[in-house]
Amino acid sequence: MKTWKRNAIAATILVLICAGVYLNWNANQLEPVDFTETLNEEQVLNDATLTLSETGEDATPVSAEESVSATEYFAKIRLSRQETRDSAVETLQETIAFEDGSETAAVAASSLDGIVSDALAESQIESLIIAKGYADCVAYMGDETIDVAVSAPAEGLSDADVALISDVVLSQSDYTLDQLRIIEVK
């Protein structure tokens, strides 16, 4: 029985390493993104008032080229998030395998459960926001905050949009309104 478990663990680790190598290779094929223009302070939700800061009257419509860069932005953020999670999961699985039955293994298993539940909640939030009519969305749950980057329409996110996104996030997570940050991606 122990041989079977050992072989299963070794096979799982091998699959995760291969997936990590592939994702690393795939990430190196993408061009780096300059986040300074995408995530500027004018596009971040003001936590105190739950309104977006004014961006001016001379906003230009989104062109097809800018739309592609927004699509690339979301793809790269998802890839980065997945690579980070895969690395953490691999480390936790190794810890669980080598510390079988110890307190360290129990803590690692608890951390692994937290990562999996966060990933599922993020996926559900993203799916619901996209279902509400937004082009794309990425949610990231941290220890104390949840960040939601949303592909904004040409005219930007309205107060109604912010309220809708906030409602989705608050209904699908344990975060409060002051822990939510909505980022408008143009």
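The coordinates are above.
All figures in this text were calculated on a predicted structure; none of them were measured in a lab.

Draft legend 1. Representation of the pattern of salt bridges within the structure. Inspection of the entire model under this criterion finds six salt bridges. Arg-78 is the salt-bridge partner of Asp-136, the closest N and O atoms lying 2.7 Å from each other. Of this pair, Asp-136 sits in the loop between helix H4 (103–131) and strand S3 (137–141) while Arg-78 sits in helix H3 (residues 64–98), and the two are 58 residues apart along the sequence. The partner of Asp-147 in a salt bridge is Arg-181, with the nearest N and O atoms 2.5 Å apart. Residue Asp-147 is found in strand S4 (residues 146–151), and its partner Arg-181 is found in strand S5 (residues 180–185); the two are separated by 34 residues along the sequence. A relative accessible area of 16% means that Asp-147 is categorised as buried. Look at Arg-181 and you get partly exposed, because its relative accessible area is 33%.

Draft legend 2. Layout of the packing of aromatic side chains. Evaluated as defined, the whole model comprises one aromatic pair. Taking the centre distance of 5.2 Å and the plane angle of 70° together, the rings of Tyr-73 and Phe-74 count as edge-to-face. Among the residues examined, Tyr-73 registers a relative accessible area of 5% and is labelled buried. The class for Phe-74 is buried, based on a relative accessible area of 1%.

Draft legend 3. Inspection of helix H5 (residues 159–172) at higher detail. End to end, H5 covers 20 Å across 14 residues, agreeing with the expected 20 Å (1.5 Å per residue, within 8%). Listing the buried residues of H5 in full gives Asp-161, Val-162, Ile-165, Ser-166, Val-168 and Val-169. Looking straight down H5, one finds its buried side chains confined to an arc of 160°; they lie on one side. Residues of H5 that are exposed and point more than 90 degrees away from the buried face comprise Ala-160 and Asp-167.

Draft legend 4. Representation of the packing of H4 against H5 within the structure. Orientation of H4 relative to H5, taken along the N-to-C sense of each, is 150°, at an axis distance of 10 Å. The orientation of H4 with respect to H5, classified from their angle, is roughly antiparallel. Pair H4 / H5 crosses with right-handed handedness. Taking contact as the criterion, the partners of Ala-121, Gln-124, Ile-125, Leu-128 and Ile-129 in H4 are, on H5, Ile-165, Val-168, Val-169 and Gln-172.

Draft legend 5. Layout of the side chain of Ser-151. Relative to the helices and strands, Ser-151 resides in strand S4. Taking the relative accessible area as the measure of exposure, Ser-151 reaches 14% and is therefore buried. Not counting the four nearest positions on each side in its chain, Ser-151 is found in contact with Phe-74, Tyr-134, Ala-135, Asp-136 and Val-185.

Draft legend 6. Fine view of the sheet that holds S5. With respect to topology, three strands assemble into an open sheet ordered S3-S4-S5, the strand pairing being mixed. Both edges of this open sheet fall to S3 and S5, since each of them pairs with a single strand only. Across the sheet, the axes of successive neighbouring strands diverge by a mean angle of 15°, strand direction being ignored.

How each quantity is defined
Residues numbered from 1 in each chain as written. Predicted model: local features only at pLDDT ≥ 70, side-chain atom pairs only at ≥ 80, totals over all residues. Heavy atoms only, no water. Salt bridge = Lys/Arg side-chain N within 4 Å of Asp/Glu carboxyl O. Helix = DSSP H or I, 4+ residues; strand = E, 2+ residues; numbered from the N terminus. Buried < 20%, exposed > 50% of the residue type's maximum accessible area, 1.4 Å probe, protein only. Phe/Tyr/Trp six-rings, centres within 6.5 Å; stacked < 30°, edge-to-face > 60°. Expected span 1.5 Å × (residues − 1). Arc of directions from axis to C-beta. Axes fitted to C-alpha atoms, helices over the stretch in contact; angles between N-to-C directions. Parallel < 35°, antiparallel > 145°, perpendicular 65-115°, else oblique. Left-handed = near helix turned anticlockwise from the far one by under 90°. Contact = heavy atoms within 4.5 Å. Pairing = 2+ DSSP bridges.

Worth remembering: the numbers are spatial, not functional.
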